[in-house]
Amino acid sequence: MRVHVADHRLITHKLTYLRDERTDSPTFRRLVEELVTLLAYEATRDVRTEPVEIRTPVATTTGIKLSSPKPLVVPILRAGLGMLDGMVRILPSAEVGFLGMVRNEETLAAVTYANRLPDDLSGRQCYVLDPMLATGGTLVMAIQYLVERGADDITAITLLAAPEGIAHVEQELAGLDVPVTLVTGAVDERLNEHGYIVPGLGDAGDRLYGVV
Ligand SMILES: O=P(O)(O)OC[C@H]1O[C@H](OP(=O)(O)OP(=O)(O)O)[C@H](O)[C@@H]1O
Ligand SMILES: O=c1cc[nH]c(=O)[nH]1
Ligand SMILES: [Mg+2]
């Protein structure tokens with residue numbers, strides 16, 4: 001897996017406010033949206049395009065447009081939903097598939113409760129959105145669903161990642177012949193005994209949408 005830490009100062013600045021426990025839910029939501037836009041800029045560097053000829057008021061010229069089939073954006077509910085608007089703002093023609101996944105807080109194993117992906121993802125570039133990569137169990141499962149359906153290029157965008165989680169994803173996906181890239185705003189120190197990222201930001205879903 002190619003790992004890109006997008007440690008631009010503006011990203012680190014916004015992450016600092018996101019991490020702060022005093023940041024309220026409306027501000028948290030706005031910061032997540034702003035952050036995903038900045039991360040998406042990096043993550044879509046290799047989005048597939050094809051040449052297109054256009055005429056300006058002065059001359060004809062060749063530019064580029066996004067290739068078909070269009071990229072698929074996959075937010076992982078709940079917390080990944082907070083990243084969707086920011087992502088489709090810069091990729092308005094993308095299609096969107098949904099995965100609902102939740103960690104069992106005792107075992108830390110990911111459980112899937114919703115799966116609304118196109119059946120055939122052959123030749124599709126996919127962008128998975130989830131603010132947190134902790135143990136990595138959720139991301140491994142999400143990537144496996146996409147690969148099973150034929151996705152041939154996958155980029156995960158996270159706000160924070162734990163070193164243990166990155167290592168787990170790399171180990172589980174070793175031998176996969178689909179290129180996988182992780183673009184993250186920061187790699188934190190570690191996981192604590194409850195599987196939370198340290199220093200992290202707490203439970204991203206709860207901070208976006210409240211405790212359920
Ligand atoms: O890397 P992992 O150890 O698998 O943990 C990461 C997952 O945990 C969080 O979701 P959560 O299970 O809290 O669900 P939620 O988004 O509904 O709050 C987060 O948004 C990731 O999906
Ligand atoms: O720190 C963490 C770990 C998993 N999920 C979260 O929302 N936060
Ligand atoms: Mg949660």
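Quantities reported herein were computed from a predicted structural model and do not represent experimental measurements. (Residues numbered from 1 in each chain as written. Chains lettered and ligands numbered in written order. Predicted model: local features only at pLDDT ≥ 70, side-chain atom pairs only at ≥ 80, totals over all residues.)

*Asks:* Would you mind going over the overall build of the protein chain with me for this structure?
*Replies:* When its secondary structure is counted, the protein chain shows six helices and 13 strands. Rg of the C-alpha trace for the protein chain: 17 Å, near the compact-globule value of 17 Å for 212 residues, within the 12% margin. Viewed in the frame of its principal axes, the protein chain has a C-alpha envelope of about 60 × 35 × 30 Å. Sorting the 212 residues of the protein chain into buried and exposed places 33% on the buried side. Across the protein chain, the fraction of contacts at a sequence separation of at least 24, relative to all contacts at a separation of at least 6, is 71%. (Helix = DSSP H or I, 4+ residues; strand = E, 2+ residues; numbered from the N terminus. Rg over C-alpha atoms; globule rule 2.2 N^0.38 Å. Buried ≥ 20, exposed ≤ 12 C-beta atoms within 10 Å, placed from the backbone. Contact = placed C-beta atoms within 7 Å.)

*Asks:* What's the story with the site of ligand 1 in this structure? I'm lost.
*Replies:* Every one of the 22 residues lining ligand 1 counts as a neighbour, but Arg78, Ala134, Thr135, Thr138 and Gly205 are closest to it. Counting residues per element, the ones that place at least two in the shell around ligand 1 are β6 (98-103), β9 (132-133), α4 (137-148) and α6 (204-209). If one sorts the elements of the shell around ligand 1 by residue count, β6 sits on top with three residues. (Near = placed C-beta within 6 Å.)

*Asks:* Help me understand the UniProt feature "binding site: uracil" (unreviewed entry) in the protein chain in this model?
*Replies:* Residues given the UniProt feature "binding site: uracil" (unreviewed entry) here are Ile197, Gly202, Asp203 and Ala204. The residue Gly202 is located in the loop between β13 (197-198) and α6 in this model. For Asp203, a count of 15 C-beta atoms within 10 Å corresponds to the partly exposed category. (UniProt positions renumbered as here; feature names shortened; annotations may be inferred.)

*Asks:* Hey, could you run me through the site of ligand 2 in this one?
*Replies:* All residues in the neighbourhood of ligand 2 are listed as Ala79, Met132, Ala134, Gly195, Tyr196, Ile197, Gly200, Asp203, Ala204 and Gly205. Split into classes, the residues belonging to the shell around ligand 2 amount to six nonpolar, three polar and one charged. (Nonpolar A, V, L, I, M, F, W, Y, C, P; charged D, E, K, R; others polar.)

*Asks:* I keep staring at the UniProt feature "binding site: 5-phospho-alpha-D-ribose 1-diphosphate" (unreviewed entry) in the protein chain and nothing clicks. Help me out?
*Replies:* Summarizing the sequence annotation, UniProt attributes the feature "binding site: 5-phospho-alpha-D-ribose 1-diphosphate" (unreviewed entry) to Arg78, Arg103, Asp130, Pro131, Met132, Leu133, Ala134, Thr135, Gly136, Gly137, Thr138 and Asp203 in the numbering used throughout. By the secondary structure assignment, Thr135 is in the loop between β9 and α4. Thr135 gets classed as buried once you count the C-beta atoms within 10 Å, which come to 20. Discounting residues that sit within four places of it in the chain, Thr135 has contacts with Leu108, Glu164, Gly165, His168, Leu191 and Gly195. With respect to the helices and strands, the residue Thr138 is situated in helix α4.

*Asks:* Explanation requested: the pairing of strand β7 (residues 110-116) in the structure shown.
*Replies:* Within a regular strand, side chains alternate between the sheet's two faces. Burial analysis of β7 places just zero of its seven residues in the buried class, a small minority of the element. Here six bridges tie β6 to β7, and the two strands are oriented antiparallel to one another. Each residue of the ladder has a partner; that of Arg103, found in β7, is Ala110. What sits between the antiparallel neighbours β6 and β7 is a turn of six residues, in which Leu108 has the positive phi angle 65°. (Pairing = 2+ DSSP bridges.)

*Asks:* Sorry, what's going on with the packing of helix α1 (residues 9-19) against helix α2 (residues 25-43) here?
*Replies:* Helix packing geometry: the angle between the two helix axes and the distance between the axes. Close contact between α1 and α2 brings their axes to 10 Å; oriented N to C, the two are set at 160°. Between α1 and α2, the interaxial angle falls into the category roughly antiparallel. Between α1 and α2 the crossing geometry is left-handed. Contacts between α1 and α2 involve Leu10, Ile11, Lys14, Leu15, Tyr17 and Leu18 from the first element and Phe28, Leu31, Glu34, Leu35 and Leu38 from the second. Taken together, the residues that form the contact of α1 with α2 break down as nine nonpolar, no polar and two charged. (Axes fitted to C-alpha atoms, helices over the stretch in contact; angles between N-to-C directions. Parallel < 35°, antiparallel > 145°, perpendicular 65-115°, else oblique. Left-handed = near helix turned anticlockwise from the far one by under 90°.)

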